[in-house]
2 protein chains.
Amino acid sequence: MSNSPTIQWGDPGIQREVPGGLIQLLEKRMKWKAGDALPYPRPEFVKVPKSQMTDEERRQLSELIGIENVKDEHDERLRHSLGKSYLDIIEYCSGELSLACDAVLYPGTAEDVSSIIAWASQSKRKIIPFGGGTSVVGGVNPAGPALTLSMARMNKVQHIDLQAQTVRVEAGILGPKLEGELNTQGFTLGHFPQSFEYSTVGGWIAARSAGQQSTRYGKIEDLVVSLTVVTPAGRIETRTVPAESAGPDMDQIFCGSEGTLGVICDATLRIHRVPEERSWVVALVPEFEAGMEAVREIIQRGFHPATIRLSDAPETQFLRALSSEPSKGVTGHAAAMISRLYLRAKGITGKEGCLLLLGFEGESELVSHESLAATKCLRNAKATIVDSAIGEGWFEDRFRLPYLRDPLIQHGLLVDTFETAATWGKLFILYREVKEALDTALTFERRKPVILAHLSHIYPEGASLYITVVAPARIDEKLQQWRDAQKAVMDVFIKQGAALSHHHGIGSYQSEFFKKQAGRLEMDVLRAVKASLDPESIMNPGKLGM
Amino acid sequence: MSNSPTIQWGDPGIQREVPGGLIQLLEKRMKWKAGDALPYPRPEFVKVPKSQMTDEERRQLSELIGIENVKDEHDERLRHSLGKSYLDIIEYCSGELSLACDAVLYPGTAEDVSSIIAWASQSKRKIIPFGGGTSVVGGVNPAGPALTLSMARMNKVQHIDLQAQTVRVEAGILGPKLEGELNTQGFTLGHFPQSFEYSTVGGWIAARSAGQQSTRYGKIEDLVVSLTVVTPAGRIETRTVPAESAGPDMDQIFCGSEGTLGVICDATLRIHRVPEERSWVVALVPEFEAGMEAVREIIQRGFHPATIRLSDAPETQFLRALSSEPSKGVTGHAAAMISRLYLRAKGITGKEGCLLLLGFEGESELVSHESLAATKCLRNAKATIVDSAIGEGWFEDRFRLPYLRDPLIQHGLLVDTFETAATWGKLFILYREVKEALDTALTFERRKPVILAHLSHIYPEGASLYITVVAPARIDEKLQQWRDAQKAVMDVFIKQGAALSHHHGIGSYQSEFFKKQAGRLEMDVLRAVKASLDPESIMNPGKLGM
């Protein structure tokens, strides 16, 4: 790990290479020529500003949590000062960070967290809570001198209540560890964000994340039963009750608080029985909008699919292109099947069609019944049902897709994603307007960006719209190019009254837009809550517009 | 209406009489003799303190909203100064209210509400928002001089979004009007609290109410998509999005705010297609605890019943007794069937058994499938399946049960309900401890109270427990007797970490217990939010511990 660029995604052992067919597709679409891949600099070549932690501070902190848990080595500070967004990659690749945390603290218990926070309040030191560091909105980046509090050691499953089907966990636990321990007891959390392998329960809650099966299990805020949060004003433990009518829901004040109020130390979450059965219905629909209608019908009739994912035509083509050299592509398995079966699908020509994946899971008979009923709905909507193995393939490979981004960027591309949520009536308009806005913002020298979209996280009243954009990077103006693209998209979201984010959060990168959308009163309420829990304003400054 | 006691429940045209069999049961159980029913005093015999509204205030308010919308007649003030709890009935029957609102204001629009609130902030006048006035926790009672703001005129359905399946309504709309308009379009809100016929959308949201089909549709806070709230600091309109990850959920700050932050003027709510089919599974289980286990299995296996209601043995007997004179009893229809079928049920003796109602509704095939699967679960749990007509009967008569309370009280009884929610592991302990506590608090001269209980509002992790208590009233110490009972119950809830309320709210009557359970930090957060939106502290004083 030590030699790998700390900024790249995931497991350094996994080979990241772009399938040739995909490069060809992009070259053709963008009138662009892929150069040689330029690897990210190794960590030792990325400078960080000198740590401002004094010897006295180190001594005091070491007394609190042990000297081995106060780290200020270069790699530690580098790794904890950036998230995983395109902007973070630009900064990393510039070879010099403008800001970095002064040290990384590793508390082992909620008591350790309390003493760090008490010390920091007194010392007027800013604290940045850090889970897995997978934020793509600048959620863990310093806004000035700060110490980062890593939750990595607080990673234990504390108690599984088999009767209530809840688990109490320390918030620093990573997805796979939690899911593994639940599985051995016959349970699942049912929460699988794209970052699942590298993100934590605390991060999910702080950023209000959504998993790929959210249509069945809900977003993380729906899974929270109670929390323990250490704030500068003291420790809050919310009540472990299924529901109540005793003032506003205190848990919901911490869900989405992005570390600005305190440190989420542990959480009690709803868990579910491992599904008896999982079944995929996969279809190709001729048009994105018709696909939206079919999906709406299925969800509004009261069925309970776990996963719904409707790709637009460009994204469907992109997925096909992934499969051109299945032996090299990390997503080869699913993609090969998509390609094979796509071509087989009757009545759909080779270049058209939108892929729709519907995943059902749960009690066997319910799953069979609902899959059949959904199939019927789709046939009514003139969709072509294709092999369900495509769904299984996607499910198997779903955590591999992010590995594509680093090599694309290294080939000289801007690659980023934007996501929102809106009611059905607005979704297609949003889709068109965001595409137009990105097209305008990113076209230069007649090279147009490639824009892919899918719907996922489906609700009776609407859905999340997820946009991936790929464009030739403007070598010397990468930052401005990205800012232009972001502003173009955010302006559309604000104009349409859509969510600025459905599951990535606000962080620092979207703070200005958030302040604009939220308005004075909503910001006043957030600031008032913060002032009551964090009177010295030491918690994660610069995030959520605060 | 004018001659009827304003304190009694519901439609004055409905005859309220206690079935003879029920009186006999109570007499036998409580070693008590029913006297003649003592009717509640007519409104003109109940004194209220003189209104403190000055002529100048009346003139100013009339300018804002029209003279016809500023009312301070005796009956108006009386009717708006009490809710519908046993405590309110005691006060009404004392013949003299210690506090009353000075006038009732009837805004017609959110703009009217804004001008009233602006005027009140400037005039340092307290404002009590009033929906249907069915609070049983002192949610609308003045804590000192105050003006009541009735939402009665703001009762229109503003927009039904057929595509998003949402409705935007003014918050003063009553349940039946809203449901009626939705039904004509093929939709239902699916929210049927016991007070449904006389309570409003705004009241439901302010108190975080739950409907009898909440197991399928969720509590009201789960149905809220967005809100318009007029606060003294200004108007907040939250975003109409299916979900987001942009700071804490602002809607959840107003759900459960009980009028202490501002006036909920309109709400956009999730609606659902009118179910294609409704199906009941009714069973008798030998023991309450075994019934809990069966219910838990059904919900945790992932089925989606709309209604689950498990009565303990005493409540089952009570329901049977209701049927002894079906011609007189308002709940005669259902009760007669319960009795008839109850006796027919094999293997259950005449005095034992706990009634379990399971209501499924939705897409036809799903309903058939789930009803069958639930039946199988129940048979495995050794329950005796009885005629599903019992469920239909209960459903038909469900809004008639509250009419029993007034005549029982008039016969000299204390009648009240307490409700909570807890995880499965705590529910049976709570059940036993609350019964013991009430028994101790209410037994006098060897007369024991009758205590009935049911589980309803079922969640995978637990359920709501609803307790009805009937005891001979201590004529000259009614208030103290009730306070003793309340304290006994609340102490158990606090000790067990159960919800102080699952769907009634806190109001003023449970404020002290709430402050104790919530603790300093949670109260600080609530007060900080209040200070930011209601800096002069004019909104509904004395509620929610504020």
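All figures in this text were calculated on a predicted structure; none of them were measured in a lab.

Draft legend 1. Representation of the packing of helix α2 (residues 55-65) of chain B against helix α5 (residues 110-123) of chain B in the model. Residues and elements named next belong to chain B. Running from amino to carboxyl end, α2 crosses α5 at an angle of 155 degrees, the nearest separation of the two axes being 9 Å. The angle between α2 and α5 falls in the class roughly antiparallel. Read as a crossing pair, α2 and α5 show a hand that is right-handed. Together, E57, Q60, L61, L64 and I65 of α2 and D112, S115, I116 and W119 of α5 make up the contact between the two elements. Looking at the contact of α2 with α5 residue by residue, the classes come out as five nonpolar, two polar and two charged.

Draft legend 2. Spatial organisation of the sheet that holds strand β1 (residues 70-71) of chain A. Residue and element names in this part refer to chain A. Strand order in this open sheet of four strands is β1-β2-β4-β3, and the pairing throughout is mixed. Each edge of the open sheet carries a strand with a single partner, namely β1 and β3 (127-130). Judged from the two bridges that link them, β1 and strand β2 (residues 104-105) form a sheet pairing that is antiparallel. What sits directly across from K71, in β2, is V104. Running at roughly 170 degrees to strand β4 (residues 147-150), helix α5 (residues 110-123) makes contact with β2, β3 and β4 of the sheet.

Draft legend 3. The arrangement of the side chain of A:R77 in detail. Residues and elements named next belong to chain A. Along the chain, the position of R77 falls in helix α3 (residues 74-79). Within the buried set, R77 has no salt-bridge partner at all; the shortest N-O distance to an opposite charge, 4.4 Å, is to D102. Every residue in contact with R77, bar those within four places of it in the chain, is listed here: V48, P49, K50, S51, D72, A100, C101, D102 and A103.

Draft legend 4. Summary view of the relation of the copies chain A and chain B. Superposing chain A onto chain B requires a rotation of 180 degrees together with a translation of 0.0 Å along the rotation axis, leaving an RMSD of 0.0 Å. Classification of the inter-copy transformation places it as that of a two-fold axis. Of the C-alpha atoms belonging to chain A, the one lying closest to the rotation axis is found on A:A528, 2.7 Å away. Here 100% of the interface residues in chain A have copies in chain B that are interface residues too; the copies meet face to matching face.

Calculation criteria
- Residues numbered from 1 in each chain as written.
- Chains lettered and ligands numbered in written order.
- Predicted model: local features only at pLDDT ≥ 70, side-chain atom pairs only at ≥ 80, totals over all residues.
- Heavy atoms only, no water.
- Axes fitted to C-alpha atoms, helices over the stretch in contact; angles between N-to-C directions.
- Helix = DSSP H or I, 4+ residues; strand = E, 2+ residues; numbered from the N terminus.
- Parallel < 35°, antiparallel > 145°, perpendicular 65-115°, else oblique.
- Left-handed = near helix turned anticlockwise from the far one by under 90°.
- Contact = heavy atoms within 4.5 Å.
- Nonpolar A, V, L, I, M, F, W, Y, C, P; charged D, E, K, R; others polar.
- Pairing = 2+ DSSP bridges.
- Buried < 20%, exposed > 50% of the residue type's maximum accessible area, 1.4 Å probe, protein only.
- Lys, Arg positive; Asp, Glu negative; His and termini not counted.
- Salt bridge = Lys/Arg side-chain N within 4 Å of Asp/Glu carboxyl O.
- Least-squares fit on C-alpha atoms with pLDDT ≥ 70 in both.

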